[in-house]
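If you want the building blocks of each chain, they are given just below.
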Amino acid sequence: MKLKDKYVLITGASGGIGRAISLELLESGAKVVGLSRTPVKLKSNAERYFSYSTDLLNLEKAEIVLKKIISEHPKINALVSNAGFGEFKPLENFSLKQIREFISLNLVSHIMVSQKLIKHFKTQKGGEIVIMGSEAGLSGKRKSTLYSAAKFGLRGFSEALRDEVSSSDIRVSLISPGLVRTNFFEKLDFEPGYSDKNAIEPADIAQVVCQIFLTRQGTIIEEVRLSPAKRVINFGKK
């Protein structure tokens, strides 16, 4: 029960990285509020898991749901901002609507959720924010113009936010993983290689989140970068 004092809101909690983080935190004694497009039921430690649904593409409705969550769970003291999706193709192949929605979910929604939680954390005299970035926020590649734009934005946002809220005892950390073996690749034409050394597992990231929360309050883990031991990508799987 190492994290029994943590009450964590996780966005994108329904699958992949978000679900793995939820389960790891619950196993460590934390309470978890999961926010996703569809409600989530967990059999493990269900009495400490609270599910809410909203589409973060609709920022106005999502803001209302967040206010409800904070009202019903005033002891929330941590956020894992994880929601997002990927689409990789030449920039000219995106419509204006697709560009807006992509940046809205992968960047703007993280900013909005963080804003609401910061106001709450300041009333509690402290809190923690972990933002899920990507190696795409470190180096831009072809066909990832929008994804890199969003992830570079998140990296700059987390750095500036960390400096802005440090005097309020709010810690901000960024996790920047490489390829993670999740359903993220279901609708894409590539995926990590089949070896367990070709991709990061969601449980690896979940353990990093727990370690960030366990770190002494006087220390801030600013950024964690994770990479597969061997980088192999399978293309043309569609």
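That block above? That's the structure.
Nothing here was measured: the structure is a model prediction, and the numbers come from that model.

Let's shift gears to the side chain of serine 114. Within the fold, serine 114 resides in helix H3 (residues 96-123). For serine 114, a relative accessible area of 0% gives the class buried. Among all residues touching serine 114, those that are not within four sequence positions of it are Leu79, Ile129, Phe157 and Leu161.

The end-to-end C-alpha distance of H3, which contains 28 residues, comes to 39 Å, matching closely the 40 Å that a straight helix rising 1.5 Å per residue would cover. At serine 104, H3 shows its largest kink, close to 45°. Two residues or fewer after H3 comes lysine 125, characterised by a positive phi angle close to 65°.

Another point: the packing of H3 against helix H4 (residues 145-165). Interaxial distance between H3 and H4 falls to 9 Å at its minimum, and their mutual angle equals 15°. Considering their axes alone, H3 and H4 lie roughly parallel with respect to each other. Like other packed secondary-structure pairs, H3 and H4 cross with a definite hand, here right-handed. Contact residues: H3 offers Ile99, Phe102, Ile103, Asn106, Leu107, His110, Ile111, Ser114 and Ile118, while H4 offers Leu146, Tyr147, Ala149, Ala150, Gly153, Leu154, Phe157, Leu161 and Val165. Classifying every residue of the contact of H3 with H4 by side-chain character gives 14 nonpolar, 4 polar and no charged.

Time to look at the side chain of asparagine 77. Of note, asparagine 77 is situated in the loop between helix H2 (59-72) and strand S4 (78-81). Accessibility expressed as a relative area gives 18% for asparagine 77, which makes it buried. Here asparagine 77 is in contact with Asp5, Lys6, Tyr7, Phe121, Gln124, Gly127 and Glu128, once residues within four sequence places are set aside.

One can expect most non-glycine residues to show negative phi and most peptide bonds to be in trans. The residue lysine 143 is not glycine, and still its phi comes out positive at about 65°. Inspection of the secondary structure assignment puts lysine 143 in the loop between strand S5 (127-132) and H4. Positive phi, normally seen in glycine, also occurs at aspartate 169, with a value near 60°. If you trace the backbone, aspartate 169 turns up in the loop between H4 and strand S6 (170-177). The class of aspartate 169 is exposed, set by a relative accessible area of 52%.

Cut-offs applied
Residues numbered from 1 in each chain as written. Predicted model: local features only at pLDDT ≥ 70, side-chain atom pairs only at ≥ 80, totals over all residues. Heavy atoms only, no water. Helix = DSSP H or I, 4+ residues; strand = E, 2+ residues; numbered from the N terminus. Buried < 20%, exposed > 50% of the residue type's maximum accessible area, 1.4 Å probe, protein only. Contact = heavy atoms within 4.5 Å. Expected span 1.5 Å × (residues − 1). Bend = angle between axes of the 7 residues up to and from the residue. Axes fitted to C-alpha atoms, helices over the stretch in contact; angles between N-to-C directions. Parallel < 35°, antiparallel > 145°, perpendicular 65-115°, else oblique. Left-handed = near helix turned anticlockwise from the far one by under 90°. Nonpolar A, V, L, I, M, F, W, Y, C, P; charged D, E, K, R; others polar.

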